[in-house]
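Chain and residue survey
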Amino acid sequence: MHSRNTGGWRDLYSDWNSMIRDIVSCRRCRLHATRKNAVPGEGNVNSKIMIVGEAPGRTEDEMGRPFVGAAGNLLTKILRGFGVDRGDVYITNVVKCRPPNNREPMNDETETCSIYLLSQLLLIKPKIVIALGNHAGRWFADRFNLQWPGISRIRGRVLEGRIMDLELTVVPTYHPAAALRKPQILKYIESDIGKAIELSKRKDSGKDHAEGRKTLLDFIAGSSPSDKS
Ligand code: SF4
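The sections below set out a description of the structure shown in this document. (Residues numbered from 1 in each chain as written. Predicted model: local features only at pLDDT ≥ 70, side-chain atom pairs only at ≥ 80, totals over all residues. Heavy atoms only, no water.)

Before going further, it helps to examine the overall build of the protein. Helix and strand content of the protein: nine helices and six strands. Here the protein, with 229 residues, has 52% of them falling under the buried criterion. Restricting to contacts in the protein with at least 6 residues of sequence separation, those with at least 24 account for 73%. On the protein, roughly 10600 Å² of surface is accessible, and the fraction owed to carbon and sulfur atoms is 46%. (Helix = DSSP H or I, 4+ residues; strand = E, 2+ residues; numbered from the N terminus. Buried < 20%, exposed > 50% of the residue type's maximum accessible area, 1.4 Å probe, protein only. Contact = heavy atoms within 4.5 Å. Areas by Shrake-Rupley, 256 points an atom, 1.4 Å probe, with all protein chains shown as cover.)

To continue, consider the environment of Asp88. Turning to its location among the elements, Asp88 is positioned in the loop between helix H3 (70-81) and strand S3 (90-93). Between the C-alpha atoms of Asp88 and Ile49, which are 39 residues apart in sequence, the distance is 8.3 Å. Leaving out residues up to four positions away in the same chain, Asp88 has contacts with Asn44 and Ser47.

This brings us to the side chain of Asn93. Its place among the elements puts Asn93 in strand S3. When its relative accessible area of 1% is taken as the criterion, Asn93 is described as buried. Among the polar contacts listed, one links the side chain of Asn93 to the backbone nitrogen of Glu54, at a separation of 3.3 Å. Within the structure, Asn93 has its side chain in polar contact with the backbone nitrogen of Ala55 (distance 3.3 Å). (Polar contact = N/O pair within 3.5 Å; in protein donor to acceptor, adjacent residues only side chain to side chain.)

Attention shifts here to the site of the ligand. For the ligand, the full set of nearby residues is Cys26, Arg28, Cys29, Leu31, His32, Arg35, Val95, Lys96, Cys97, Thr112, Cys113 and Tyr116. Looking at the shell around the ligand residue by residue, the class counts come to seven nonpolar, two polar and three charged. (Near = heavy atom within 4 Å. Nonpolar A, V, L, I, M, F, W, Y, C, P; charged D, E, K, R; others polar.)

Our focus in this paragraph is the sheet that holds strand S1 (residues 42-43). Pairing is mixed in the open sheet, where six strands are placed in the order S1-S3-S2-S4-S6-S5. Either end of the sheet is taken by a strand with one partner, and the two such strands are S1 and strand S5 (159-163). Alignment of S1 against S3, held across two bridges, turns out to be antiparallel. The partner of Gly43 across the bridge, within S3, is Tyr90. Contacting strand S2 (49-53), strand S4 (128-132), S5 and strand S6 (166-173), helix H5 (residues 134-143) crosses the sheet at an angle of about 130 degrees to S4. (Pairing = 2+ DSSP bridges. Axes fitted to C-alpha atoms, helices over the stretch in contact; angles between N-to-C directions.)

So, about H3. Given a rise of 1.5 Å per residue, twelve residues ought to cover 16 Å, and the 17 Å separating the end C-alpha atoms of H3 matches this to within 8%. Residues Ala71, Gly72, Leu74, Leu75, Thr76, Ile78 and Leu79 constitute the buried set of H3. Summarising the contacts, the buried residues of H3 are in contact with S2, S3, S4, helix H7 (176-181) and helix H8 (186-204). Count one or two residues on from H3 and you reach Gly83, which has phi positive near 75 degrees. (Expected span 1.5 Å × (residues − 1).)

This next bit is on the packing of helix H4 (residues 107-124) against H5. At a closest axis distance of 12 Å, the pairing of H4 and H5 adopts a crossing angle of 75 degrees. The pairing of H4 with H5 is recorded here as roughly perpendicular in orientation. Mapping the contact onto sequence places Thr110, Glu111, Ser114, Leu117, Leu118 and Leu121 in H4 and His135, Trp139, Phe140 and Arg143 in H5. (Parallel < 35°, antiparallel > 145°, perpendicular 65-115°, else oblique.)

We note that Phe67 has phi near 50 degrees; this positive angle belongs to a residue other than glycine. We classify Phe67 as buried; its relative accessible area is 3%. With a phi close to 55 degrees, Lys125 is a non-glycine residue in the positive phi region. Among the secondary structure elements, Lys125 is positioned in the loop between H4 and S4.

This structure, assessed with the given rule, holds five aromatic pairs. Seen in terms of ring centroids, Tyr174 and Tyr188 are 6.3 Å apart; in terms of plane orientation they differ by 65 degrees. Their pairing is edge-to-face. With Tyr174 in the loop between S6 and H7 and Tyr188 in helix H8, this pair connects stretches of sequence that are 14 residues apart. What makes Tyr174 buried here is its relative accessible area of 0%. Each residue in the set Trp139, Phe140 and Phe144 is aromatic and connected to the rest through ring pairs, giving one cluster. (Phe/Tyr/Trp six-rings, centres within 6.5 Å; stacked < 30°, edge-to-face > 60°.)

On to the pattern of salt bridges. When the charged atoms of two side chains with opposite charge come close together, those side chains can pair. The tally for this structure, following the rule as stated, stands at nine salt bridges. A salt bridge links Glu167 to Arg162; its shortest N-O distance comes to 2.7 Å. (Salt bridge = Lys/Arg side-chain N within 4 Å of Asp/Glu carboxyl O.)

As structure tokens, this is what we get:
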């Protein structure tokens, strides 16, 4: 399997269980040396919605589960506010092992680990992806060959692109951890996640049209506090 949009990976997984087994024992990049547990992801593999963050944090590393710390609790609460249980969706991260001291993943770590997220996307085939934070949003923009103006300028917009034969719709927003530091951005995250959930319902009922789709030039008019969230 070779495609520019997959970053050139030839060994994507077609079997879910072998992929999960390989993630938990993976030593492809330096992050294996400092992790306690790799965090493949969890949730409904038949879900229309996939939520993708940056990388596991301390609690996630200890438990081997995604979004189970304070930011995860906030995400769970936001989803519940829209009538969605976190078990209804599939939740994962771009990078499956915790970077030391919660630093940002390095480019080579992200690229090496991308085989797993690409495989998860191609196996789950979500209708909507909610990308949480700058790193996750940029990962999708890179796959779609789009420029990335930063999360504060692009959050809440609808990105559409293709990875191999999979057409994807991605709504980027701030990472919930950012709302723990800056409560004023919580309303943006709630609004963006609500928009993504509504979009997934419209797609399911066949009411999906071009409404709301933008080019990157439209995104430059976006707003809000920080590109590091
Ligand atoms: S971060 Fe990804 S590539 Fe690196 S060791 Fe963990 S699972 Fe493997």
